[in-house]
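# Inside the fold
Below, each chain spelled out in residue letters.
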Amino acid sequence: MKNGLLLIDGLNLIRRLHAALESEPDSERRIERTQSLCIDALAKLVHQFEPSYMAIVFDSPAKTWRHEAFPEYKLGRPPMDDALLESMGRFAKVFRFNGWPCLRMTGWEADDLVATLAFKASQHGIGSMIVSTDKGYTQLLQYPHILQYDYFAKLGYDANWVEQKYGVIPRLLPDYWALVGDTTNHIPGVKGIGPKSSVEILKNKSSLEQVFDCLSEYPAKFQKLLDGQLSHCQFARSMVTLKLDVEIGIRLSQLEIRRSTSI
């Protein structure tokens, strides 16, 4: 991916490194150590992938369109440590000091911003590497020039990995998750349908709509489970599908990595 765009899921990286330091009793010291680990990780990633452009993307602290559409979105997810939450500005400051651009937009999750940036880069033939353990990004692997990397597992994801992992092509992942549900974000699927059933249902189909158009072709057990569930599935799919058209208002040149350490 040399000379491409490196996209970092900021909170994903920070929270995981912070969690690894749970034995540190001093809150302030723990944050300082997390910052140090983050800088080390980011420097390694820049060295490994040799990008020309980079963005460390953060979630908005405000509610997003998904919360508005579904108030139970992410319900039950453990909240971020208060001290860590309050220190986000410090993390961004030290990242920028090292020449690494940061991005956050009110009302938007990092997922949609990363997806938009990667998709737009793809349209111009520029490769993107998304660094995150969040499997929601794997739907983007349907597009050329987009890959994903798990820094902690040292594992890269591509379209072939998706098919081996889930049994469906990347383009059908939102349809798959609409059927099985997205437990991480508290989005329910269709009761009684699990991963294996979902793969069987989507086999040789191009979309949820085609599944429901051909419902009479399925075994009785699937017909019973899916009957009357199209609207719910379409809503769930809309919740798990990443946005590709967020008006971010920046040019790729603004994400160029500065090699100096001046502010």
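Residues numbered from 1 in each chain as written. Predicted model: local features only at pLDDT ≥ 70, side-chain atom pairs only at ≥ 80, totals over all residues. Heavy atoms only, no water.

### A short note on the overall build of the protein chain
Regarding its fold elements, the protein chain presents 12 helices and 6 strands. In terms of overall size, the protein chain behaves like a compact globule, its C-alpha atoms giving a radius of gyration of 20 Å where 263 residues would be expected to give roughly 18 Å. Burial analysis of the protein chain (263 residues in total) assigns 48% to the buried set. Partitioning the contacts of the protein chain with sequence separation of at least 6, the portion at a separation of at least 24 is 70%. (Helix = DSSP H or I, 4+ residues; strand = E, 2+ residues; numbered from the N terminus. Rg over C-alpha atoms; globule rule 2.2 N^0.38 Å. Buried < 20%, exposed > 50% of the residue type's maximum accessible area, 1.4 Å probe, protein only. Contact = heavy atoms within 4.5 Å.)

### Here we look at the environment of Tyr149
Tracing the backbone shows Tyr149 in strand S5 (residues 146-150). The contacts of Tyr149, once residues within four sequence positions are left out, are Leu45, Gln48, Phe49, Met129, Ile130, Val131, Ser132, Lys154, Leu155 and Gly156.

### Quick word on the sheet that holds strand S6 (residues 155-157)
Taken in spatial order, the 6 strands line up as S3-S2-S1-S4-S5-S6 in an open sheet, and their pairing is mixed. This sheet does not close on itself; its edge strands, each paired only once, are strand S3 (102-103) and S6. Each of strand S1 (5-9) and strand S2 (53-57) is contacted by helix H1 (residues 10-19), which is oriented at about 50° to S1, the strand it contacts most. Each of S1, S2, S3, strand S4 (128-131) and S5 is contacted by helix H6 (residues 110-123), which is oriented at about 170° to S1, the strand it contacts most. (Pairing = 2+ DSSP bridges. Axes fitted to C-alpha atoms, helices over the stretch in contact; angles between N-to-C directions.)

### Description of the pairing of S4
In S4, alternate side chains face the same way, and those of Ser128 and Ile130 on one face and Met129 and Val131 on the other are all buried. The pairing of S1 with S4 spans 4 bridges and is classified as parallel. Bridging from a neighbouring strand, Leu6 pairs with Met129 of S4. Judged from the 4 bridges that link them, S4 and S5 form a sheet pairing that is parallel. Across the sheet, Val131 pairs through a bridge with Tyr149, a residue of S5.

### What to know about the environment of Leu13
Considering the arrangement of structural elements, one finds Leu13 in helix H1. Residue Leu13 is classed as buried on the basis of its relative accessible area, which comes to 5%. Put simply, Leu13 and Lys74 are 61 residues apart on the chain and 19 Å apart in space, counted from C-alpha to C-alpha. The residues contacting Leu13, other than those within four sequence positions of it, are Ile8, Ala41, Leu42, Tyr151 and Phe152.

### Comments concerning helix H9 (residues 195-202)
Of all the positions in H9, only Ser197, Ser198, Ile201 and Leu202 are classed as buried. Buried residues in H9, looked at end-on, bunch into an arc of 125°, giving them a common side. On its buried face, H9 is in contact with helix H8 (173-180), helix H10 (208-213) and helix H11 (220-226). Phi turns positive one or two residues past the end of H9, at Asn204, with a value near 65°. (Arc of directions from axis to C-beta.)

### Structural notes on the packing of H8 against helix H12 (residues 230-240)
Put simply, H8 and H12 touch, their axes get as near as 8 Å, and they point 125° apart. Judged by the inter-axis angle, H8 sits oblique to H12. Both H8 and H12 take part in a crossing whose hand is right-handed. Touching Pro174, Asp175, Trp177, Ala178 and Leu179 of H8 are Cys233, Ala236, Arg237 and Val240, all from H12. Classifying every residue of the contact of H8 with H12 gives 7 nonpolar, no polar and 2 charged. (Parallel < 35°, antiparallel > 145°, perpendicular 65-115°, else oblique. Left-handed = near helix turned anticlockwise from the far one by under 90°. Nonpolar A, V, L, I, M, F, W, Y, C, P; charged D, E, K, R; others polar.)

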